[in-house]
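Close look at the chain arrangement
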Amino acid sequence: MNQKVILPLFNTECFTNIQGVIAQFELHHYPDGESLVRIETPLEDKELIIVCSLNDPNPKMLPLIFAAQTARDLGAKSVGLIAPYLAYMRQDKVFHPGEGITSKYFASIISEHVDWLKTVDPHLHRWHDLNEIYSIPAEALHATQPIAQWIARELKNPILIGPDAESKQWVSEVAQQVGAPYLVFNKIRHGDREVEIVLPEMSGFQHHTPVILDDIISSGMTMVETANQLKKHGLQKAVCLGVHALFEPGAYEKLSQAWVQDIVTCNTIKHRSNAIDISVLF
Ligand code: R5P
C-alpha cells in the first residue's frame, strides 16, 4: 500500500490530522552558511508531504527546495506542500514604479519544485484564485469555521469588525456563521507601519464585544489603529483575532497596550497568541 510520508519543516505544527509516517530527516547547517537536507525515511514510490509555514520566507526557501529535490532523487512519487501560511501574497501589483510583482515570482518558484500546494486563507485581494499565479494545483482552505466556533464558544454578544475592504470576505462569512452583526472599516496605508482607519457612522454597539478580524497581524498597526477608533466611539476593549500571527518583534507587546482585551490567532504560525487549532482543515 502506498503510504504518505510527512516532513514538517521549521517548527510547523497543525499537521496532526494528516495520516502518514513522519519522516526522519535532518536539516544540517554548515559553518559557511550552506545547508543540507538528509531524509532517512525510505521514499521510493511514496507520496511526500512537506509541511512548512512560509512566514520569514527567504531563509526557508532554499531548505524547502532542497528537501523537495532530495525527495525526488530518493524516488518519491510526488512531493506536495502544505504551507499553512503562504508568503508574498500581498505584493500583488506594482505599487511604485520600478517594483516587481513578487507574488507571481514566488508562485513560479514554488510551482517549479512541488506538485501541489494547500494553504490557509492566503491574502487573495487583487488575485482572486491561487491558480491565477500557481501553475500546480493550489488550494486555499479557510479558517472561518474554527474561528466562528471559537467566537461562539468564548465571547458574549460579539460584533465582527473588518479593518479594511479586503477583510470583508472573511468577516462577513464568520459573522454569518456566528449569527452576529459585522462592520467593515476603511484603511488608508501611508507606510509599512503607518495606517489610518476610517469608521462608518456607528452607534448602538456599546454593549457588544468588538472582535477585530484580519488575515494577518504583522506590525500590528492595523489592529492598534482600529482598536483606538473603537475607544473613541465608546466601544468596549477589542478582541483582536488574526489568522496568521506574523508579529514583527515588539508588535505583540504594542498591541497588548492598545484598547484591547485579548489577542487570539490560529496556529498556522507558531506564536504565544495561538488559541484556534486549524489542523482539522487538513
Ligand atoms: C493587508 O491588507 C492585510 O489584510 C493586513 O491588514 C495587514 O497585513 C496587517 O498588517 P499590519 O499588522 O502591519 O498592520
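As shown above, the structure is provided for reference.
Calculation notes
Residues numbered from 1 in each chain as written. Predicted model: local features only at pLDDT ≥ 70, side-chain atom pairs only at ≥ 80, totals over all residues. Heavy atoms only, no water. Phe/Tyr/Trp six-rings, centres within 6.5 Å; stacked < 30°, edge-to-face > 60°. Helix = DSSP H or I, 4+ residues; strand = E, 2+ residues; numbered from the N terminus. Lys NZ or Arg CZ within 6 Å of the ring centre and 35° of its normal. Near = heavy atom within 4 Å. Polar contact = N/O pair within 3.5 Å; in protein donor to acceptor, adjacent residues only side chain to side chain. Areas by Shrake-Rupley, 256 points an atom, 1.4 Å probe, with all protein chains shown as cover. 1 Å grid on protein atoms, 1.4 Å probe; cavity = no way out; pocket = protein on both sides within 12 Å on 5 of 7 lines; lining within 4 Å. Sits in = over half its atoms within 2 Å of the grid points. Pairing = 2+ DSSP bridges. Expected span 1.5 Å × (residues − 1). Buried < 20%, exposed > 50% of the residue type's maximum accessible area, 1.4 Å probe, protein only. Arc of directions from axis to C-beta. Contact = heavy atoms within 4.5 Å. Right-handed = clockwise from strand over helix to strand, strands pointing away.

Structural notes on the packing of aromatic side chains
The geometry of an aromatic ring pair comes down to the distance between the two centres and the angle between the two planes. One pass over the full model with this rule turns up two aromatic pairs. Both rings, one in tyrosine 88 and one in phenylalanine 106, keep their centres 5.0 Å apart while their planes meet at 40°; by these two values the pair is tilted. Taken together, the residues span a long stretch of sequence, with tyrosine 88 in the loop between β6 (78-83) and α2 (102-113) and phenylalanine 106 in helix α2 at a distance of 18 residues. For lysine 118, the ring lying beneath its charged end belongs to tryptophan 116, and the centroid distance is 5.8 Å.

What about the site of the ligand?
Near the ligand, the surroundings consist of 15 residues, among which Asp214, Asp215, Ser219, Gly220 and Thr222 are the closest. One nitrogen or oxygen atom from the side chain of glutamate 166 is found 2.8 Å from an oxygen atom belonging to the ligand. With respect to the ligand, the side chain of threonine 222 contributes an N or O atom lying 2.5 Å from an oxygen atom. Relative to its free-state accessible area of 380 Å², the ligand is covered by the protein chains to the extent of 94%. Assessed atom by atom at 2 Å from the grid points, the ligand resides in the largest pocket. Counting residues per element, the shell around the ligand draws most heavily on strand β13 (residues 209-217), at four residues.

Here's the deal with the sheet that holds strand β7 (residues 116-120)
Read across the open sheet, the six strands follow the order β2-β1-β5-β6-β7-β8; overall the sheet is parallel. Of all the strands in the sheet, the pair left with one neighbour each is β2 (21-22) and β8 (138-141). Here strand β1 (residues 4-8) runs beside β2; their pairing, made up of two bridges, is parallel. Bridge pairing links valine 5 to valine 21 in β2.

As for α2
Under the 1.5 Å per step criterion, the end-to-end length of α2 is 17 Å for twelve residues, consistent within 8% with the ideal 16 Å. Of all the residues in α2, the buried ones are Ser103, Phe106, Ala107, Ile110, Ser111 and His113. One side of α2 holds all its buried residues, which, seen down the axis, span an arc of 165°. On the buried face of α2, the contacting elements are α1 (57-73) and β6.

Section: the pairing of strand β9 (residues 158-162)
Burial analysis of β9 places five of its five residues in the buried class, the great majority of the element. Burial of β9 is two-sided: the residues Pro158, Leu160 and Gly162 facing one way and the residues Ile159 and Ile161 facing the other way are all buried. Pairing geometry for β9 and β13, over four bridges, is parallel. Within β13, the residue paired with proline 158 across the bridge is threonine 209. By the bridge criterion, three bridges tie β9 to strand β10 (residues 182-184) in an arrangement that is parallel. When the sheet's bridge partners are listed, isoleucine 161 is paired in β10 with leucine 183. Taken together, β9, helix α4 (residues 168-178) and β10 form a β-α-β motif whose crossover is right-handed.

Note that every value here comes from positions in space, so none of it alone points to a role or purpose.
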